[in-house]
Amino acid sequence: MHQASIISILPRMKRLNGPFGIYGTVYFSQKVVHVADRTVAMALLGMSPSQSSPSFSSSSFSTTSPTPITGTAKNPAYAHFLSLFGRGTFTSEGSEWKKKRQSVIHSLCRGEMMSKLDEIVLSVWDGFASGIDNSNKINSNSNSNINNEINILPHLQRATIGVIYNYLTHNELNSTKNCSEATISNYLKSIITIRLTILANSREPYKWFFLKVPKFVQEFISPNLKITNSLENESLPHIKNFAREAVENAMPGSPIDEMKNKASHQENLDDVLDEAITLMFAGQDTSAATMGWILHLLSLNSKVQEKLREEVLLGIGDKGKGGGVVTKEGVMGLKYLGAVIKEGMRLYPVAPFVVRRVVGEDMVIEREDAEGGREKVRLTKGTLGVVWIHGLHRNDKYWARPDEFLPERWLEGGLEEEGKGKVDFGVKNAGCYMPFAGGPRGCIGREIANVVIRILLAKCMVEYEVVGKGALKEMEAGFTVLPTGGVNVLMLKR
């Protein structure tokens, strides 16, 4: 998916001027609505409305119940993920999903596991920094890159898979005898391919409406599908092989080992493998993409970068909790660091959209409009709702100067204090900012990602000056959104 397909959504909504700003399309016989409004987004994602929130009505949920809304489902919109994630938490539904999600959360987010996360990230940092320094040396001895810029995205991808692998298995990736360098390299190359083919396949109508038709018939009708299927078939064995070795190498007490012993993952021998693929793919690809965008933005905004570095140095100094060393305790309370990360994820959420299908009965959503009347929309059963997270994050109803990188909006006083405008509605109101989606099917690993990104970014600020040249990169959307062509910057050693 090209950038134009993403950034055209909001202008089209304004031009069509439908209720709640939504507009509909028909994909063969399938009704699809496109959403960048907080009220409708919260309803589709199953986020419980607060007392001050607009009212929702459907046979599936109540405005007075404290339990999450359950009027939507993911499938069949995510059927194209089954070949990669199997029946893991990401793709399963109903009682199966509920049992698996509870087991994964218990295995993944235990207190003792989270307490070791900073040690894991810092153990991977040396390899990341060594890779950056080696790339700098190679470029300095080459005439092919006169600016000495390097693409840091592959280094970030290698670092983040090292973190998530260690976290899930309690084994360091480089010291695992059964996981060769070739296996790691093939996995990372395959992830790059699969993140694009998944989205391409999802946009093929034959994947949506003729799922029971044999593949050779689909490929005869759609030559593009034949190409993406071929690439997928080449990539999947490498991804599954890497995950299988992770399951086999998992140490006692590790999250993967814990999952092996859960009843929810014992009915099928592949259940744990499916979960390992899901967690490693989601944890690695999304964290690397987020770090890539934030470093790209900082490389083009030197004043923000220096302000951030000053806060990090102060936070980990002798008077800080970290005692001069980057630690989880030292960085979690740094407000500007948090603001920079939030602003990066606001501008470039790794998933530009999510999809939900209305189940049960029709979903009716209404609220009071600006003139004191009632605005109302009915989403009929079976409708697919595309929640454009990128659109929510750039909607000028919720954000002042929505396309600008302004971390100050997240601080007390917001942009008003900086003389740059009023406090943003989206900062303090639910449903405007959701980089991890939301509701009962929101991202399981959000707390892990928050710690990992904070530590890696703090280390980057301490040890490097990141300098970018040229314009802001365009988006390349696959399963996640990455800067087109990678993140080419100068990484100057401090």
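The preceding data block contains the structure.
Please read these numbers as outputs of a predicted model, since none were measured by experiment.

Visitor: Honestly, the pattern of salt bridges in this entry has me stumped. Any pointers?
Guide: When charged atoms on two side chains of opposite charge get close, those side chains can pair. Here the structure, examined in full by the defined rule, presents 23 salt bridges. Taking the shortest distance from any N to any O, the salt bridge between Asp403 and Arg394 comes out at 3.0 Å. A network of salt bridges, in which partner residues are shared, links Asp37, Arg367, Glu375 and Lys397.

Visitor: Whenever I open this one, helix H5 (residues 94-108) confuses me. Can you help?
Guide: In an α-helix, one turn spans 3.6 residues; hence positions three or four apart end up facing the same way. For H5, spanning 15 residues, the distance from its first C-alpha to its last is 21 Å, which sits close to the expected 21 Å at 1.5 Å a residue. Where the residues of H5 are buried, they touch helix H6 (111-114), helix H8 (153-169), helix H13 (255-260), helix H14 (271-299) and helix H21 (446-463).

Visitor: Before we go on, may I ask you to explain the environment of Pro252 in this structure?
Guide: On the secondary structure map, Pro252 appears in the loop between helix H12 (223-249) and H13. Taking the C-alpha atoms as reference points, Pro252 and His170, 82 residues apart in sequence, are found 8.3 Å from one another. Not counting the four nearest positions on each side in its chain, Pro252 is found in contact with His170 and Asp257.

Visitor: So what exactly am I meant to see when it comes to the sheet that holds strand E13 (residues 488-493) here?
Guide: Sheet strands pair by backbone hydrogen bonding; their relative direction is either parallel or antiparallel. The strand order E5-E13-E10 describes an open sheet built from 3 strands, whose pairing is antiparallel. With one partner strand each, in any of the chains shown, strand E5 (150-151) and strand E10 (464-467) form the two edges of the open sheet. As judged from the 4 bridges shared by E10 and E13, these two strands associate in the antiparallel manner. Each bridged residue has a counterpart across the sheet, and for Val467 the counterpart in E13 is Leu490.

Visitor: I tried to follow helix H17 (residues 335-347) on my own but got confused; where do I start?
Guide: The end-to-end C-alpha distance of H17, which contains 13 residues, comes to 18 Å, matching closely the 18 Å that a straight helix rising 1.5 Å per residue would cover. Burial analysis of H17 places 11 of its 13 residues in the buried class, which makes it a mostly covered element. As for H17, its buried residues are in contact with H14, helix H15 (302-315), helix H16 (328-331), helix H18 (389-393) and H21.

Visitor: Looking at this structure, I do not really get the side chain of Glu343. What am I missing?
Guide: Looking at the secondary structure, you find Glu343 in helix H17. In contact with Glu343, other than residues within four places in its own chain, are Glu404, Phe405, Leu406, Pro407, Arg409 and Trp410.

Visitor: Explanation requested: the side chain of Ser287 in the structure shown.
Guide: Inspection of the secondary structure puts Ser287 in helix H14. Every residue in contact with Ser287, bar those within four places of it in the chain, is listed here: Thr160 and Ala449.

Visitor: Can you help me understand the packing of aromatic side chains in this one?
Guide: The description of an aromatic ring pair rests on the distance of the ring centres and on the angle between the ring planes. Enumeration according to the criterion identifies 15 aromatic pairs in this entry. Between Phe353 and Trp388, the ring centres sit 5.0 Å apart and the planes meet at 50°, which makes this aromatic pair tilted. Remark: Trp388 occurs in strand E9 (residues 384-388) and Phe353 occurs in strand E6 (residues 353-358); sequence separation between them is 35 residues. Since its relative accessible area comes to 21%, Phe353 is described here as partly exposed. In textbook terms, an aromatic cluster arises when at least three aromatic residues are bridged by ring pairs, as seen for Tyr78, Phe81, Phe85, Phe90 and Phe281. Its guanidinium or amino end placed over the ring of Trp399, Arg346 lies 5.2 Å from that ring's centre, counting from NZ or CZ. Lying over the aromatic face of Tyr348, Arg394 brings its terminal NZ or CZ to 5.4 Å of the ring centre.

Visitor: Hey, could you run me through the pairing of strand E2 (residues 30-35) in this one?
Guide: Remark: a regular strand shows side chains that alternate across the two faces of the sheet. Counting buried residues in E2 gives 5 out of 6 residues, a clear majority hidden from the surface. Pairing between strand E1 (residues 23-27) and E2: 5 bridges, direction antiparallel. Pairing of Gly24 across the sheet is with Val33, part of E2. What sits between the antiparallel neighbours E1 and E2 is a turn of 2 residues, in which Phe28 has the positive phi angle 60°. Pairing analysis gives 4 bridges linking E2 to E9, with the strands arranged parallel. Bridged to His34 within E9 is Val386.

Thresholds applied
- Residues numbered from 1 in each chain as written.
- Predicted model: local features only at pLDDT ≥ 70, side-chain atom pairs only at ≥ 80, totals over all residues.
- Heavy atoms only, no water.
- Salt bridge = Lys/Arg side-chain N within 4 Å of Asp/Glu carboxyl O.
- Helix = DSSP H or I, 4+ residues; strand = E, 2+ residues; numbered from the N terminus.
- Expected span 1.5 Å × (residues − 1).
- Contact = heavy atoms within 4.5 Å.
- Pairing = 2+ DSSP bridges.
- Buried < 20%, exposed > 50% of the residue type's maximum accessible area, 1.4 Å probe, protein only.
- Phe/Tyr/Trp six-rings, centres within 6.5 Å; stacked < 30°, edge-to-face > 60°.
- Lys NZ or Arg CZ within 6 Å of the ring centre and 35° of its normal.

Note that all results are geometric; they support no functional claim without further evidence.
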